[in-house]
Amino acid sequence: MSSTIDCHVDTKPMAQSLTTVSHKVDQTRAAVIAMQAAVISAEQEAAEHVCENVNRGFYTLIQSQISQKVARLKSEVDSHIMNLNQQQKQLMAIRNRMERDYGMICSRYIKLFSSINKNLQQRVYELDKPTMNFALRDVNTLSNRTKQLTATVPVAQLESVSVSQRILASNMKHRSMQAIESMNNFLSDLKQQEALTHSVIMPMKMEHEADAMMIPVIVSESNYDQYDNRRVDVIVNDTDIEPRSRDIIRNAVAGAEMTWHNRGYIDNELRSEFNRIKAMSQASDRVKNLAEKLFLANNFETLNR
């Protein structure tokens with residue numbers, strides 16, 4: 001036979017205890033969440049601080065290395081510049097010394113050869129003095145007398161007057177022939193100059209003056225040693241032309257294909273200029289004759305247009 005025992009247990013204190021525990025758990029959770037947020041914020045700030053310091057240190061290191069390299073390279077460049085300036089001064093001193101030595105040697109040899117020429121001339125003159133006096137003094141006197149003096153009208157016989165008139169007429173004819181020959185030479189030179197001008201000037205006419213400008217240049221090709229090495233010199237007018245334009249013209253002319261041909265004769269203008277320079281020179285006759293011989297024996301070539 002079973003018996004039933006009813007026990008009444010009061011759970012209110014336990015519920016109150018659980019409520020207190022629940023509040024404590026909620027507070028603990030809030031504290032944990034706050035601590036986690038604070039930890040995350042602190043880690044983020046620490047990471048940002050570390051990255052900022054690392055970046056600053058990296059940039060500082062790179063800047064320091066670049067500054068060191070710039071300072072080192074600048075010092076090297078300065079040392080090279082000082083070395084080059086010193087070498088330039090030394091080369092200029094050597095050049096000035098060589099120019100002075102060259103001038104001294106040239107003046108010395110000019111004096112030496114001038115004295116030798118005078119001594120040789122005096123010795124040749126003394127070898128046969130009567131013949132030299134006749135050739136240099138008497139012959140010139142006789143030639144000038146017959147060429148320059150005109151016939152005078154003497155008070156004499158009719159035959160002498162007629163002979164004097166014929167001499168005067170002959171002299172006038174000779175002078176007239178010389179004048180005609182001079183005019184002929186002038187007209188011939190003028191015609192050659194016109195032909196040369198027409199050959200140089202371009203036949204076409206520019207529509208606008210600003211389109212092109214004709215600039216004359218001188219092209220000279222020469223051998224400067226015994227191995228037939230050639231050098232081409234391009235000479236451009238320096239008036240009203242910029243240095244850059246002159247360099248462009250020189251490069252264009254030097255780079256063009258040049259064909260030289262022998263004309264077989266010497267221009268009259270070139271011959272006249274050489275004769276003028278020879279006549280103005282103070283050198284002896286032997287030097288002038290040798291220069292003329294070399295001038296006539298030289299082989300001139302001109303460019304094909």
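All of the points below concern the structure found in this document. (Residues numbered from 1 in each chain as written. Predicted model: local features only at pLDDT ≥ 70, side-chain atom pairs only at ≥ 80, totals over all residues. Heavy atoms only, no water.)

Thoughts on the overall build of the protein chain
In terms of helices and strands, the protein chain carries six helices and four strands. Along the chain direction, N to C, the helices and strands of the protein chain fall in the order α-α-α-β-β-α-β-α-α-β. Expressed as a percentage of its 305 residues, the buried residues of the protein chain come to 5%. Within the protein chain, counting contacts between residues at least 6 apart in sequence, those at least 24 apart form 43% of the total. For the protein chain, the accessible area works out to roughly 27300 Å², and carbon and sulfur atoms hold 59% of it. (Helix = DSSP H or I, 4+ residues; strand = E, 2+ residues; numbered from the N terminus. Buried < 20%, exposed > 50% of the residue type's maximum accessible area, 1.4 Å probe, protein only. Contact = heavy atoms within 4.5 Å. Areas by Shrake-Rupley, 256 points an atom, 1.4 Å probe, with all protein chains shown as cover.)

Concerning a nonpolar patch on the surface
Residues Ile 105, Tyr 109, Leu 112, Phe 113, Ile 116 and Leu 120 make up a contiguous nonpolar surface patch of roughly 540 Å² in combined accessible area. Here Leu 112 shows up in helix α1 (residues 12–127). In this structure Leu 112 comes out as partly exposed when scored by relative accessible area, which is 42%. (Patch = residues over 30% accessible without salt bridge, like charges linked within 9 Å, V, L, I, M, F, W, Y side chains within 5 Å. Salt bridge = Lys/Arg side-chain N within 4 Å of Asp/Glu carboxyl O.)

Some thoughts on the packing of aromatic side chains
The geometry of an aromatic ring pair is captured by two quantities: the separation of the ring centres and the angle between the planes. Taken as a whole and assessed by the stated rule, the structure comprises three aromatic pairs. Ring geometry for Phe 274 versus Phe 295: centroids 4.1 Å apart, planes at 5 degrees, classification stacked. One end of the pair, Phe 274, is in helix α5 (residues 268–280); the other, Phe 295, is in helix α6 (residues 285–297), and 21 residues separate them in sequence. Neither residue differs from the other here; Phe 274 and Phe 295 are each classed as buried. (Phe/Tyr/Trp six-rings, centres within 6.5 Å; stacked < 30°, edge-to-face > 60°.)

What to know about the side chain of Lys 288
Along the chain, Lys 288 turns up in helix α6. Of the buried charged residues, Lys 288 lacks a salt bridge, with Asp 285 as the closest side chain of opposite charge at 4.9 Å. Look past the residues within four positions of Lys 288 in its chain and what remains in contact with it is Lys 278, Ala 279, Ser 281 and Ala 283. (Lys, Arg positive; Asp, Glu negative; His and termini not counted.)

What about the pattern of salt bridges?
In the structure shown here, the tally under the stated rule is seven salt bridges. Close ionic contact of Arg 29 with Asp 26 constitutes a salt bridge, the shortest N to O distance being 3.7 Å. Linking Arg 29 with Asp 26, this pair stays in helix α1, spanning three residues, or about one helical turn. Owing to a relative accessible area of 53%, Arg 29 belongs among the exposed residues under this scheme. With a relative accessible area of 36%, Asp 26 lands in the partly exposed category.

Topic: the environment of Phe 295
Here Phe 295 falls in the buried class, since its relative accessible area comes to 11%. Linking Phe 295 and Ile 266, residues 29 residues apart in sequence, is a C-alpha distance of 9.6 Å.

Points about the side chain of Asn 117
Considering the arrangement of structural elements, one finds Asn 117 in helix α1. Of the residues examined, Asn 117 reaches a relative accessible area of 15% and is grouped as buried. Not counting residues up to four positions away in its chain, the partners in contact with Asn 117 are Ser 284, Arg 286 and Val 287.

What to know about the packing of α5 against α6
Between α5 and α6, whose axes approach to 11 Å, the crossing angle comes to 165 degrees. Accordingly, the angle class assigned to the pair α5 and α6 is roughly antiparallel. The hand of the α5/α6 crossing is right-handed. Here Leu 270, Arg 271, Phe 274, Lys 278 and Ala 279 of α5 lie close against α6, whose contacting residues are Lys 288, Ala 291, Glu 292, Phe 295 and Leu 296. (Axes fitted to C-alpha atoms, helices over the stretch in contact; angles between N-to-C directions. Parallel < 35°, antiparallel > 145°, perpendicular 65-115°, else oblique. Left-handed = near helix turned anticlockwise from the far one by under 90°.)

Quick notes on the nonpolar core
Most often, soluble globular proteins keep nonpolar side chains buried together rather than apart. Val 219, Val 234, Val 236, Ile 241, Ile 249 and Val 253 together form the largest nonpolar core, which totals six residues. Elements represented by at least two residues in this core include exactly β2 (230–236) and α4 (243–255). Apart from residues lying up to four places away in sequence, Val 219 is in contact with Val 232, Asp 233, Val 253, Met 258, Trp 260 and Leu 303. (Core = buried A, V, L, I, M, F, W, Y, C linked by side-chain atoms within 4.5 Å.)

Function-wise, these values are silent; they only describe arrangement.
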